[in-house]
Structures are given as structure tokens and as C-alpha cells.
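Notes for the structure review
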Amino acid sequence: MAEAHELQELAAHLTQEDILREQQARNMHEFVKGAWPTLEPGREFHDNWHIQAICEHLEAVADVTSGLKRLIINIPPRHMKSLTCAVAFPCHTWIKQPHKQFVFASYNQALSTRDNVKCRRLMTSPWYQSAWSSSFRLTTDQNQKQRFENNQNGHRIATSVNAGLTGDGGDIIVIDDPHNVKQAESEAVRNEVLDWWDTAVPSRLNDPVTGAFVIIMQRIHQSDLTGHILQSHLETLADPTQTDPEDWTHLCVPAEYETEHPHHYFSTLPTATHTEDPRTQEDELLWPSRFPAKQLAFLKSSLGSYGSAGQLQQRPAPKGGGILRSDWWEKWERASEPDFVYILQSWDTAYSVRDTASYSACTTWGVFVHNGSYNVMILNRWRDRIDYPSLRKRARKLYDEYSPDAVMIEKKASGQSLIQDLRQMGIPCIPYTPDRDKVARCHAASPLLEGGVVWYPDRKWAQEVINHCAIAPAGNGMDIVDTVTQALIRLRTMWYASHPDDEEWEPEEEERAVDSLTADIIDLTEVRGAYYG
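In this numbering scheme, every chain counts its residues from 1 along its sequence in written order. Totals for whole chains, interfaces and linings use every residue, but because this is a predicted model, local features are given only for residues with pLDDT of at least 70 and side-chain atom pairs only at 80 or more, for both listing and counting. Where side-chain values are given, they derive from all heavy atoms of the structure, hydrogens and water being excluded.

**So, the sheet that holds strand β14 (residues 429-432)**
Note the threshold: At least two DSSP bridges between two strands are needed for those strands to be called paired. Counting from the N terminus, the helices are DSSP H or I runs at least four residues long and the strands are E runs at least two residues long. For helices, the axis comes from a line fit to the C-alpha atoms of the stretch in contact; other axes are also lines fit to C-alpha atoms, and the angle between any two N-to-C directions lies between 0 and 180 degrees. We call two residues contacting when some pair of their heavy atoms lies within 4.5 Å.
As summarised here, the arrangement of the 7 strands in space is β9-β15-β12-β11-β10-β13-β14, forming an open sheet in which the pairing is mixed. Each edge of the open sheet carries a strand with a single partner, namely β9 (330-332) and β14. Pairs of neighbouring strands in the sheet enclose a mean axial angle of 30°, with direction left out of account. Relative to strand β15 (residues 454-457), β9 runs parallel, the two sharing 3 bridges. Among the inter-strand pairings, K331 is bridged to a residue of β15, identified as Y456. With respect to the sheet, helix α11 (residues 388-402) is in contact with β10 (340-348), β11 (360-370), β12 (373-384) and β13 (406-410), its orientation differing from that of β10 by roughly 170°.

**So, the packing of helix α5 (residues 81-96) against helix α6 (residues 109-123)**
Rules: The scheme is simple: roughly parallel for angles under 35 degrees, roughly antiparallel for over 145, roughly perpendicular for 65 to 115, oblique for anything else. By the definition used in this description, the sense in which the near helix is turned from the far one sets the handedness, with an anticlockwise turn below a right angle giving left-handed and a clockwise turn giving right-handed. In this count, Pro and Cys sit with the nonpolar residues alongside Ala, Val, Leu, Ile, Met, Phe, Trp and Tyr, while Asp, Glu, Lys and Arg are called charged and the others, Gly among them, polar.
In the contact formed by α5 and α6, the axes pass within 9 Å of each other and the chain directions differ by 40°. As far as their axial angle goes, α6 and α5 are oblique. Relative to α6, α5 is oriented so that their crossing is right-handed. Of the residues in α6, those touching α5 at S82, A86, V87, P90, C91 and W94 are R114, D115, K118, C119, L122 and M123. Classifying every residue of the contact of α5 with α6 by side-chain character gives 8 nonpolar, 1 polar and 3 charged.

**Remarks on the pairing of β13**
Definition in use: Burial classes follow relative accessibility: with a 1.4 Å probe on protein chains only, a residue under 20% of its type's maximum area counts as buried, one over 50% as exposed, and anything between as partly exposed.
With 5 of its 5 residues buried, β13 lies for the most part within the structure. Residues A406, M408 and E410 of β13 are buried on one face, and the alternating residues V407 and I409, pointing to the opposite face, are buried as well. Here β10 pairs with β13 via 4 bridges, running parallel. Residue pairing across strands places Q345 opposite V407, the latter belonging to β13. As paired strands, β13 and β14 are joined by 4 bridges and run parallel to one another. Looking at the pairing, E410 lines up with Y432 of β14.

**Quick word on the nonpolar core**
The tendency in soluble globular proteins is for nonpolar side chains to be buried side by side. We count it as follows: Among buried residues, the Ala, Val, Leu, Ile, Met, Phe, Trp, Tyr and Cys ones that are joined through side-chain atoms within 4.5 Å form a nonpolar core.
Core analysis: the biggest nonpolar cluster contains 55 residues, and F31, M123, Y128 and I172 have the highest contact counts within it. Residue contacts for Y128: discarding those within four places in its chain leaves F31, C91, W94, I95, L122, M123, S133 and F136. Counting 39 residues, the second-largest nonpolar core is a separate cluster that includes L324, V367, C442 and I480.

**Some points on the side chain of H250**
The criterion, for reference: Under this definition, polar contacts are N or O atom pairs within 3.5 Å; protein pairs additionally need one hydrogen-donor-capable and one acceptor-capable atom, and for neighbouring residues in sequence, both atoms have to be side-chain atoms.
Looking at the secondary structure, you find H250 in strand β8 (residues 249-252). There is a polar contact of 2.7 Å between the side chain of H250 and the side chain of N74. For H250, the contacting residues outside a window of four places in its chain are I72, N74, T226, L230, H263, H264 and F266.

**Side note on the packing of helix α3 (residues 28-39) against helix α4 (residues 49-62)**
The axes of two packed helices give the description: the angle between them and the distance between them. α4 packs onto α3 with a crossing angle of 120° between their chain directions and a minimal axis gap of 8 Å. By the angle class used here, α3 and α4 are oblique. Within the contact between the two elements, α3 uses M28, H29 and V32 and α4 uses I51, Q52, C55, L58 and E59. Partitioning the contact of α3 with α4 into residue classes produces 5 nonpolar, 2 polar and 1 charged.

**A short note on α5**
Applicable threshold: Given the number of residues in a helix, its expected span is that number minus one, multiplied by 1.5 Å.
Its 16 residues give α5 an end-to-end C-alpha distance of 22 Å, which sits within 8% of 22 Å, the value for a rise of 1.5 Å per residue. α5 sits mainly inside the fold: 15 of its 16 residues count as buried.

**Overview of helix α9 (residues 225-238)**
When the terminal C-alpha atoms of α9 are compared, their 20 Å separation across 14 residues agrees well with the 20 Å that a helix rising 1.5 Å per residue should span. Residues of α9 that are buried: L225, T226, G227, H228, I229, L230 and H233. As for α9, its buried residues are in contact with β1 (70-74), β6 (172-176), α8 (187-199), β7 (212-217) and β8. Structurally, the start of α9 carries an N-cap: the backbone nitrogen of T226 is 3.3 Å from a side-chain oxygen of D224.

In C-alpha cells, the structure reads:
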């Protein structure tokens, strides 16, 4: 109301053009609409609520009194994220705060430089200069494609992920698309981005108290930068020693509305026009004037189910899951477990115990008869980062707890040593060497889930296993998924579980017990005492 009153007083002394420019200076959304003909001449501007929402939150980031210092925006490509954030944001901020220093980083230096050039062109355009040339002027000694400064100590620096930031910092650091979509499945490349964020970026704020971070990106993997930050934030909140953790505002804007989306749009900004996603109908489009149903369907077809889930819907797996769908698992709701005729433990071991290393994981499975046919139930899940001596003790403990008929261990990394040590203890180990990649193994295991013969107990850990499987191969729990797929493939091969459409055949019990992979197991049953102490 106060702002409207001020504008009314100005109206008595200013022209309509003066009033419009003052509105644009005070409101970034109005600024973007006014800048559009300069930014994209000859193209129609399609306004939408998400553009206004992004502008309002970026304005709050620039205002140190707002308290908004950590912002994540997940939004589909081609929805004006870079044009709004990387181009218009610094231009608008410098009208009132030309001293602000910006650092922008992308996965590719060329993309970061492109937006730097666009930003500078807007600042030097007749449209901008005619209204706000008195706010600042660009200095000639630092007016380059990757870096430019103004005479009020403000600068805009364009860099890339893993590029050196030594000596350079900013009041506002913006990470715009830190991941290359084409390298989404490369764990090594993703970890480079995360390590860069964890080790190099935090120290680049000019003032750790008032400085701000903005992440704007499309989701490409559960362990992308957004996933990493959100998970770290949850762990910090759960840590009792962290008394004042930084709060992240997360604006998740999928192309189609989902009532059960794992990350709903929610803003804590008091001045926000939209504190929640204004859409209410399932599959309601985000930007129908720009991306109507037909165009969105074409994008889905081009991107595929996983690409669409991440880049369009901002969750790294198709709804309900991808290859190993969550709704295919059957919940066991009886008070007691069934009688198991065969128990299998399945292991996937890590290479090392470093913090960035993979987990070691084990799942335990029981085979039982249900409605006249063999079914499978997951009985236990274990997952941790531990050194090899601890891993060997854990394997022994899990074996003693469940007395499995066989222990299957992927023959890689510490798994080879674990196979040898457990065999020395008299434990029947099956070395497993995958004959196909992880995606192919998911497909090979999926018929059992689809057939409704795989069950889970009503436990939190079981739901976590299901969630890991649902987002595979895009998630960060492929160690757990590997134990699941190799177990289900193994049990199906042994005919201890089958899809209802599989050929009807039932081997004799003694034939079932003969396992070519265990022919070389050393039988030390009689001397187990020496190994238990």
C-alpha cells in the first residue's frame, strides 16, 4: 500500500513513461516484461505466474533485509530460467544497488559467457540507458565477455564448474545448470560437481553472513546438486550439534502438476504473490500458452521417461517408478511371517570407506509358498560405509542371524576378499559376476515385481529399498538396487520365483539344490569352531 501511495504522488509530476520506468525499477517482473523486446526482438512475450514467482524471490535474495539467502529453483528447460536469473537479475539489481557483486557459474564456460554477454548488452542498450544510465557506468578496463565491472564497485563474473575462483568472490553466487544432461549417469562427473560445491564455492561469498546462493537448474539425477544440497540439509537438521542450520527455500516447478510430487512448491517469502503452486488439477500444465499439451507430449517423447521425469517434472524418476515400479511390490500385512523354504543373502560391496565412496549393502530374501506358487519376500536390508574388517564382521553377523542357504556376493572390489574369508568360515558363498549392465539387470528382474510375487514387510527400511529401486538407475542407491536385482535374477533362474506367464515347470528338489556356481565352495562345516573361537 505504501508503494502504491508513493507512485500516486509521483504521478502528479511525472509522465506515464516515467511512472512505468519507476515501476520497472521497483518490480523485477515488470522489468522483465519491459526488457523483453530488447532481449528477444520480434518474439511474443508469454507471461505466466512462474516468471513472477522467480522474479519475486530473486528480488528478495538481492535485499539483505529479506532474510532469503539460500534459494533453489527447479524448473524445466526453455522456461526463461536463464534469461530471468542470469540476464535480467543483475541488470535489475544494479538500478538500485550497483555495488552488488555477482558470480555466475554453469557446467560449461561457453554458456556462462553467453549469458554474461546478454546481460552486458541489455545494460548498454538504449532502452536501459535511457532510464537508468545515472545509476552506474561500465568501466572500460574491465569490460570483457567473462567479466565486467561498474564504477560503483559492482561486477558480474562468468565462470564454470571446477574453474578456479581464486581471488574472486561475490555478494550473490548463482549456479545455473551445474550439470551436463548428457553426463547425468556418470557418477564421477556428478561427484566432481558436488566436490566443487562443497569445497570451492562456500568460501567465495564476500560476506558469509549476508551473502546469498541461488541454484537454478533442471533435475537430472537424485544425486545432482539439488539432491545433494537437500539431503545435506536434512542431515544437518537431524544433527543435534547443529544449532542454527541455514534454511533453503526450494521452488520446485514441474511442467505438469502432480498432487503427490515429492517436492511441492512452497514459499516462505511473506511478500510472495504465490506461496504455493496455484495449480490444483493433476497434470495441469505450467505454461500452456508456451508449452501446450501437444508440444509437451513431443518433448516427453524426445526425452524419454527418465529425461521427462527429471528435466520436465523435477523428480529423477518417472511417476510410480521406472523399470522397477514401486506399485508392483506387494505389502505383507499379516502379523506373522510365512514359513520360508529357502533364504538367500545378496551383497554388493564398496571399493573403499572414503566419504565419497559407494556404500556396501546387503539384502536378505526368503522364498515361501503363497496360493500354490513360490513367492519372495525381502527380510532385511543393511547399508553402510565401513572398513573391510567391519564388513567381514557384519557379514558374519547377518549370516548367523538368518542362516541363509546361500550368500551371493558380487565378485568385485572387497567382494572378492569377502568371498574368500566367508568360505574359510564355512559359509556357502556364491560369487556373482554380472553378465550385463545395471539397466539390463533391472529389466531382467522386473518381471517378478510386475508379476506380483515379490513382497515386503511394513517397515520403513523396506520402503526405502522400494524407493531406491523405483528411481533406478537414476538414484544414489544403486548398491541396494544391485543386491535386489541380482537376488531376483538368481531366484528366478533357480525357479524359486517366476512370473505368472513363465512356462510351467517345476524342478525336483534335488535338482533345484544343485548349483553349478557353488561347486567350488570349500566345505568347512566340521571345523567351524576354529573360526568362531
